[in-house]
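# Structural characterization, general
Given next are the chains, with one letter for each unit.
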Amino acid sequence: MRLHEYQAKQVFSDAGIPTPASELAGTVDETVAAAEEIGYPVAVKAQVHVGGRGKAGGIKLVEDKEEAREAAEDILGMDLKGYTVERVLVEEAVDFVNELYVGVTMDRGEGEPVAMVSTRGGVNIEEVAEEDPDAIAREHIDPAFGMHPYQARKVVYDAGVDRAIANDVASILRTLYQLWDDRDGSDAEINPLMVTGDDEVIAADAVFNVDEDALFRQPELAEMEEEGEFAESELERKADEYGFDYVRLSGNVGIIGNGAGLVMTTLDLVDHYGGSPANFLDVGGGAKADRIANALDMVFSDDNVDSVVFNIFGGITRGDEVAKGINQALEQFDEIPKPVVVRLAGTNWEEGMEILNEDLVTVEKTLEDAVQRAVEYAEEVEA
Ligand code: GDP
Ligand code: MN
């Protein structure tokens, strides 16, 4: 779950990281009122979950009331990379001489968190990482000990940060690491960390992504989630509602299974037989008829899906239950929207195979056959 800039700034500021004075606004009048209160110049910044808002026209610096009104009119309601802007952060503009980058994330390769500092802030850090990886200094942290002060100083020094501000930057980095650790962050980032002519250091942007599986113990952050807002798409919102583990992919073979490993195997097999998976969908253990119907609803409502393969291995989940669920779900249609192939194994698989209505689905005995059939169906639709 990604926090909005204004939310991340609140979290950072509460932890002692300097941030500019700011106010959230949802209308043009509110924007102007906030700008008047803060005093010009101010930055008007779109609050949507995308990076690179600056380049995309979602951030405007304004000098007076008239410009504040124009900026609000332009930005509020605009479409920014597929998101409609409903609120702006009105913020005291920072008169900066330098823009730094500081961030903390998990380095999966090393199996340890890593703190990063660069003097090439203010631009897309992924691009910097590609072009000139040495421009980003890195320091791995042992989470058992936390970030030692010397580690913070070292990475700031390695990045070539000016001496006059090195201590302040190091202290901000340690706070950022502490937040990342305490608040179950997946990524914490300040880009840019602005440096003023008087050697003041201030967080002009803030990114904080929280590990969603830890939200149960981060009630304060969980409260910041706004209804349905963090779903990438309508489909992911639906998956959330149904309680499925779901990831949308780019192919056209819809995949439903019970158990993550089983679904992964099905994905691999679809790929192996020359098809392309449209999704990962794990209905979980003990899936009853209504869950099966919901799973079918998921793949049927995905425009990318041309065929569906069901891979069920009965354990707690009983084959006859699943078969009933598939029948019930499909009987609701006058015409089945996309061909469905089913493979049942494990508990009650024989009962299940008997129950399945072969007017509605194709039944295959082996996973290999089921996957190949689904890939063929998808190819027929494509052709
Ligand atoms: P992002 O593009 O979504 O990452 O948004 P940022 O908050 O990082 O802003 C992008 C850029 O806008 C910054 O790197 C600055 O160059 C500029 N900017 C943002 N806020 C201010 C500000 O308060 N003062 C000035 N002068 N520029 C700003
Ligand atoms: Mn930024």
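The protein chain goes by Succinate--CoA ligase [ADP-forming] subunit beta in an unreviewed UniProt entry, where it is assigned to Halosimplex aquaticum. The heading Pathway (unreviewed entry) in the UniProt record of the protein chain holds the text "Carbohydrate metabolism; tricarboxylic acid cycle; succinate from succinyl-CoA (ligase route): step 1/1."

### Things to note about the site of ligand 1
In the neighbourhood of ligand 1, 17 residues make up the surrounding shell, with Lys45, Arg53, Gly54, Val94 and Glu99 lying closest. Taking glutamate 99, its side chain carries an N or O atom lying 2.7 Å from an oxygen atom of ligand 1. A distance of 3.1 Å separates an oxygen atom of ligand 1 from a polar backbone atom of asparagine 191. Sorting the residues of the shell around ligand 1 by element identifies β3 (59-62), β7 (96-107) and β10 (185-196) as the ones contributing at least two each.

### Regarding the nonpolar core
Counting 41 residues, the largest nonpolar core has Leu3, Phe12, Val169, Ile190, Leu193 and Phe208 as its most contacted members. The dominant element in this core, judged by the number of residues it contributes, is helix α6 (residues 163-182), at 10 residues. Once residues within four sequence positions are removed from consideration, valine 169 is found in contact with Leu100, Val102, Val156, Val161, Leu193 and Val201.

### A few points about the pattern of salt bridges
On inspection of all chains with the given rule, the structure shows 18 salt bridges. As a salt-bridge pair, arginine 248 and aspartate 302 come within 2.5 Å of each other at their nearest N and O atoms. Here the residue arginine 248 occupies a position in strand β13 (residues 245-248), and aspartate 302 occupies one in the loop between α10 (289-300) and β16 (307-314), the gap between them amounting to 54 residues. Between arginine 318 and aspartate 320 there is a salt bridge, with its nearest N and O atoms 2.9 Å apart.

### Re the coordination of the manganese ion (ligand 2)
Donor atoms from the polypeptide that bind the manganese ion (ligand 2) are Asn191 (O) and Asp205 (OD), placed at 2.2 Å. Here asparagine 191, found in strand β10, pairs with aspartate 205, found in the loop between β11 (201-203) and β12 (207-210); they are 14 residues apart in sequence, far enough to count as distant. Accessibility assignment for this pair places asparagine 191 and aspartate 205 in one class, buried.

### Topic: the UniProt feature "domain: ATP-grasp" (unreviewed entry) in the protein chain
UniProt records the feature "domain: ATP-grasp" (unreviewed entry) for residues 9-221 in the present numbering. Secondary structure across residues 9-221 divides into 32% helix and 31% strand, with the first and last C-alpha atoms of the span separated by 12 Å.

### What about unusual backbone geometry?
It is generally the case that most residues other than glycine have a negative phi and that most peptide bonds are trans. A cis geometry characterises the amide bond from tyrosine 40 onward to proline 41, with omega recorded as -5°. That bond from asparagine 191 to proline 192 is cis: its omega, 5°, falls within 30 degrees of zero. Positionally, proline 192 belongs in strand β10. Residue aspartate 199 is not a glycine yet carries a positive backbone phi of 60°. Structurally, aspartate 199 can be placed in the loop between β10 and β11. Using a relative accessible area of 37% as the deciding quantity, one classes aspartate 199 as partly exposed.

### Some remarks on the sheet that holds strand β1 (residues 22-25)
With antiparallel pairing, the four strands of this open sheet are ordered in space as β1-β6-β2-β3. Both edges of this open sheet fall to β1 and β3, since each of them pairs with a single strand only. In this sheet, adjacent strand axes meet at a mean angle of 20° when their direction is disregarded. One ladder, built from five bridges, connects strand β2 (residues 42-46) with strand β6 (residues 88-92); its direction is antiparallel.

### Quick look at the UniProt feature "binding site: substrate" (unreviewed entry) in the protein chain
In the numbering adopted here, UniProt assigns the feature "binding site: substrate" (unreviewed entry) to Asn258, Gly315, Ile316 and Thr317. The greatest C-alpha distance among the annotated residues, which extend across 60 residues, is 10.1 Å, indicating that they converge on a single site. Relative to the helices and strands, asparagine 258 resides in the loop between β14 (253-257) and α9 (260-272). Dropping the residues within four chain positions of it, asparagine 258 is found in contact with Val263, Asp282, Val283, Gly284, Asn311, Ile312, Phe313 and Thr317. A distance of 2.9 Å separates a polar side-chain atom of asparagine 258 from the backbone oxygen of phenylalanine 313. Within the fold, isoleucine 316 resides in the loop between β16 and α11 (319-331). Overall, the relative accessible area of 73% leaves isoleucine 316 in the exposed class.

Cut-off values and rules
- Residues numbered from 1 in each chain as written.
- Chains lettered and ligands numbered in written order.
- Predicted model: local features only at pLDDT ≥ 70, side-chain atom pairs only at ≥ 80, totals over all residues.
- Heavy atoms only, no water.
- UniProt positions renumbered as here; feature names shortened; annotations may be inferred.
- Near = heavy atom within 4 Å.
- Polar contact = N/O pair within 3.5 Å; in protein donor to acceptor, adjacent residues only side chain to side chain.
- Helix = DSSP H or I, 4+ residues; strand = E, 2+ residues; numbered from the N terminus.
- Core = buried A, V, L, I, M, F, W, Y, C linked by side-chain atoms within 4.5 Å.
- Buried < 20%, exposed > 50% of the residue type's maximum accessible area, 1.4 Å probe, protein only.
- Contact = heavy atoms within 4.5 Å.
- Salt bridge = Lys/Arg side-chain N within 4 Å of Asp/Glu carboxyl O.
- Donors = N, O, S within 2.8 Å, 3.2 Å for Na, K, Ca; no water.
- Pairing = 2+ DSSP bridges.
- Axes fitted to C-alpha atoms, helices over the stretch in contact; angles between N-to-C directions.

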